[in-house]
Amino acid sequence: MLEEIRIYCLEAKDSSIKSNKDAEAFKKRFLSKSGIVNSLFLRFKKLSNDEKKAVGKDINLLKKICQDKIKFVKSISSSNLNSVLDLTRPTSNFTGSTHPITKISNQINEIFKSLGFYISSGPEIEDDWHNFEALNLPKNHPARDMQDTFFVKTQPDILLRTHTSSVQVRHMSESQPPIRTISPGRVFRNEAISSRAHCIFHQIEGLYIDENVSFIDMKNLLFVFAKKFFGNDVVLRFRPSYFPFTEPSAEMDVFLGTETLADYRLTKGTGWLEILGCGMVDPKVLSNCSIDQEKYSGYAFGMGIERIAMLKYGVKDLRLFFENDLSFLKQFN
Ligand code: DAH
């Protein structure tokens, strides 16, 4: 009898009640005078005292499941019954909102758009040429180690792009200067996940190619951007760096300080957080992409959106952006 009751419990729990007619049928089957619960109680009366102990508890459980189900159905007004149980219907008290990373990305895009840049995009699954070779990163080049790669397939190598610099290559190969574009997108690296790094993150690549473009044009543009984005009080520094696809290369840092332990960790004790890499596009990269390196020069930059979002919102752990915890996300509405 116990097994029988268990099966009835499952049936009651799983019954789908989509209309008043379904509700009546359910009540009739389980809770009416001649229904299952009553007939179980009639059989119960004939059991020995020991058996009654175990079986009685389970029959009461079944009765409760059935009553709760009917109560729930009644709590929904009859006219709403069908629509409330339509799980594809949006609820009235929940409104979606923009993810903080999308928000920051949109803000950055708007600033560059106001400075004359247009938006371009490229694929997340790339070939070796666009992600590495054309950017002066031949096979076995040690700088490839900086971007540990997820391969989709080898020989020929197809991979998840490790940076949005691949879009520069595509864009330059398909159009001629003047080029003034930014390319936001998702990138992938086989990295250990920590408060500062993730295996999936977002970047915005910038590219400006024309006649007589200089390093100081780039520096000015990036300072204007940072002041527009973070406010005039932002403390910035430009540092020499190395990237195979730019010469000379630099990185731009924003000052965060080391007052809290989280800031100390995030900035590795320096107080400075790197937000972008940049430089003058290497002439070899221009010619790899069929741009006349005698006539044109240009600059490129790439920034990490999560880093910038962390700075802007004071978020100390990058992983929070990927966990989809509503209580975290709601703060940015
Ligand atoms: N692609 C680089 C990275 O992911 C960032 C970068 C540096 C992009 C310098 C550039 C650049 O366009 O000029 O680390």
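Residues numbered from 1 in each chain as written. Predicted model: local features only at pLDDT ≥ 70, side-chain atom pairs only at ≥ 80, totals over all residues. Heavy atoms only, no water.

Moving on, we get to the overall build of the protein chain. In terms of regular secondary structure, the protein chain is built from 13 helices and ten strands. What you see for the protein chain is a C-alpha radius of gyration of 31 Å, clearly larger than the 20 Å of a compact globule of 333 residues, by over 25%. The principal-axis extent of the C-alpha atoms belonging to the protein chain is close to 100 × 50 × 40 Å. Counting every position in the protein chain, which comprises 333 residues, the buried fraction comes to 42%. Contacts in the protein chain between residues at least 24 apart in sequence constitute 67% of all its contacts with a sequence separation of at least 6. Total accessible area computed for the protein chain in this model is approximately 18,100 Å², and 52% of it derives from carbon and sulfur atoms. Across the protein chain, the mean location of the 45 positive side-chain charges is 14 Å away from that of the 40 negative side-chain charges. (Helix = DSSP H or I, 4+ residues; strand = E, 2+ residues; numbered from the N terminus. Rg over C-alpha atoms; globule rule 2.2 N^0.38 Å. Buried < 20%, exposed > 50% of the residue type's maximum accessible area, 1.4 Å probe, protein only. Contact = heavy atoms within 4.5 Å. Areas by Shrake-Rupley, 256 points an atom, 1.4 Å probe, with all protein chains shown as cover. Lys, Arg positive; Asp, Glu negative; His and termini not counted. Charge placed at Lys NZ, Arg CZ, Asp CG, Glu CD.)

What follows is about the packing of aromatic side chains. How two aromatic rings sit relative to each other is set out by the distance from centre to centre and by the angle between their planes. Scanning all chains against the criterion turns up 17 aromatic pairs. On the basis of an interplanar angle of 90 degrees and a centroid distance of 4.9 Å, the ring pair of Phe-229 and Phe-230 is categorised as edge-to-face. Phe-230 gets classed as partly exposed once you look at its relative accessible area, which sits at 23%. Three or more aromatic residues joined by ring pairs make a cluster, and in this case those are Phe-112, Phe-117, Tyr-208, Phe-225, Phe-229, Phe-230, Tyr-299 and Phe-301. (Phe/Tyr/Trp six-rings, centres within 6.5 Å; stacked < 30°, edge-to-face > 60°.)

Sheet faces and side chains relate simply in a regular strand, where the side chains alternate between the two faces. For strand β6 (residues 200–210), the buried fraction is high: eight of the eleven residues fall into the buried class. Examined bridge by bridge, strand β5 (residues 179–188) and β6 share ten bridges and lie antiparallel to one another. When the bridges of β6 are listed, Arg-186 appears paired with His-202. Direction of pairing for β6 relative to strand β10 (residues 297–304): antiparallel, over a ladder of eight bridges. By the bridge assignment for β10, Gly-206 is matched with Phe-301. (Pairing = 2+ DSSP bridges.)

In the vicinity of the ligand there are 16 residues, among which His-163, Ser-165, Arg-189, Gln-203 and Glu-205 approach most closely. With respect to the ligand, the backbone of Ala-300 contributes an N or O atom lying 3.0 Å from an oxygen atom. Here the ligand has 350 Å² of accessible area as a free molecule, and 92% of this is covered by the chains. For the shell around the ligand, the secondary-structure elements that each account for two or more residues are α8 (165–174), β6, β9 (272–281) and β10. For the shell around the ligand, the per-class residue count stands at five nonpolar, nine polar and two charged. (Near = heavy atom within 4 Å. Polar contact = N/O pair within 3.5 Å; in protein donor to acceptor, adjacent residues only side chain to side chain. Nonpolar A, V, L, I, M, F, W, Y, C, P; charged D, E, K, R; others polar.)

Moving on: the sheet that holds β6. In space, the seven strands of this open sheet follow the order β1-β5-β6-β10-β9-β8-β7, with mixed pairing throughout. Both edges of this open sheet fall to β1 (118–119) and β7 (236–243), since each of them pairs with a single strand only. Relative to β6, α8 is tilted by about 35 degrees, and along the sheet it contacts β1, β5, β6, β9 and β10. Where helix α12 (residues 305–313) meets the sheet, its contacts fall on β6, β8 (246–255), β9 and β10, and the angle it forms with β10 comes to roughly 60 degrees. (Axes fitted to C-alpha atoms, helices over the stretch in contact; angles between N-to-C directions.)

We now examine the side chain of Thr-149. One can find Thr-149 in the loop between α7 (128–131) and β3 (151–153). A residue is classified by how much of its surface remains accessible, and Thr-149, at 14% relative accessible area, is buried. Once residues lying within four places of it in the same chain are set aside, the contact partners of Thr-149 are Phe-132, Leu-159, Leu-160, Thr-162 and Asn-190.

With that out of the way, let us pick up the packing of helix α6 (residues 100–114) against helix α9 (residues 215–230). To describe two helices that pack against each other, one gives the angle between their axes and the distance between the axes. Two elements in contact, α6 and α9, have axes whose closest approach is 10 Å; the angle formed by their N-to-C orientations is 130 degrees. Our classification of the angle between α6 and α9 gives oblique. Where α6 crosses over α9, the two elements pack in a sense that is right-handed. Packed against α6, whose contacting residues are Ile-104, Gln-107, Ile-108, Ile-111, Phe-112 and Ser-114, the element α9 presents Leu-221, Phe-225, Lys-228 and Phe-229 at the interface. Across the contact of α6 with α9, the residue classes break down as seven nonpolar, two polar and one charged. (Parallel < 35°, antiparallel > 145°, perpendicular 65-115°, else oblique. Left-handed = near helix turned anticlockwise from the far one by under 90°.)

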